[in-house]
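Next come the chains, spelled out residue by residue.
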Amino acid sequence: IVVLVSGGGTNLQALIDAEKRGDIKYGKITCVISSKEGAYALKRAEQNGIKTRVLPRKSFADSLSYSKAVLTALNEEMADLVVLAGFMTILDEIVTKAYPYRIINVHPALIPAFCGVGYYGLKVHEAVLDYGVKITGATVHFVNEKADAGAIILQGTVSVEADDTPEILQKRVMEQAEWNLLPEAVSLFCEDRIEIRDGKAYVIEKQEEI
Ligand code: GAR
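All values reported here derive from a predicted model rather than from experimental measurement.

Taking 1.5 Å as the rise per residue, helix α1 (residues 10-21) with 12 residues should run 16 Å; its terminal C-alpha atoms sit 16 Å apart, in good agreement. Buried residues of α1: Asn-11, Leu-12, Gln-13, Ala-14, Leu-15, Ile-16 and Ala-18, and no others. Buried residues belonging to α1 abut β1 (2-5), β2 (31-34), α2 (40-47), β4 (82-84), β5 (103-107) and α6 (166-190).

Rendered as structure tokens:
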């Protein structure tokens, strides 16, 4: 598993913790790639003995040249699964086409609401509060060539409270949804329990062990 990050890396931490607990039986995080130098997520990886690489987005002129560098790195790391855990760059289709149904993203809202180009990080929660919806949540989905439009694997709901700030809401969505859903989806992928039919993802129920 190669994890792509840009910031604090709390979702990366949730994955590391899940792997340590033995909750990701058939997967191992082998490399963390950051689009930002000095991202705290890199520290979390180092503290857990995971290889890190930095590919600064700002060192590349455009999305295509950046995506080519990311693709080269993923191939070098022999990624079977790529997880975008707070990765704030939209990848070109040269990456998504090379890893069909093998890139997973966590988005901090209930797709198809509050998603797509421009909706990332705190901006998502600001938009949720501006609109006044009472329920939000998080979505884990496969990544395809359109932003936040790939097949949905798991979703979880979270209440919006009247006195929420974007920061308070972000924390609640992480605690009550993202940090559980992302490791769960990764685990399902590694157990080969996600089936794709007509472009939609379905979780295969676990067979009873006799
Ligand atoms: C998370 O809320 C994640 O869902 C969101 O950014 C935050 C990263 O936090 N990702 C996006 O908005 C991507 N479109 P983290 O670095 O602590 O995991």
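Here we take up the site of the ligand. In the neighbourhood of the ligand, 14 residues make up the surrounding shell, with Gly-9, Thr-10, Asn-11, Gly-121 and Glu-178 lying closest. At a separation of 2.8 Å, an oxygen atom of the ligand approaches a polar backbone atom of Gly-9. Gly-121 is positioned such that a nitrogen or oxygen atom in its backbone is 2.8 Å from an oxygen atom of the ligand. Elements with a minimum of two residues in the shell around the ligand: α1, β5 and α6. Looking at side-chain class alone, the shell around the ligand contains 6 nonpolar, 7 polar and 1 charged residues.

So, how was this worked out
- Residues numbered from 1 in each chain as written.
- Predicted model: local features only at pLDDT ≥ 70, side-chain atom pairs only at ≥ 80, totals over all residues.
- Heavy atoms only, no water.
- Helix = DSSP H or I, 4+ residues; strand = E, 2+ residues; numbered from the N terminus.
- Expected span 1.5 Å × (residues − 1).
- Buried < 20%, exposed > 50% of the residue type's maximum accessible area, 1.4 Å probe, protein only.
- Contact = heavy atoms within 4.5 Å.
- Near = heavy atom within 4 Å.
- Polar contact = N/O pair within 3.5 Å; in protein donor to acceptor, adjacent residues only side chain to side chain.
- Nonpolar A, V, L, I, M, F, W, Y, C, P; charged D, E, K, R; others polar.

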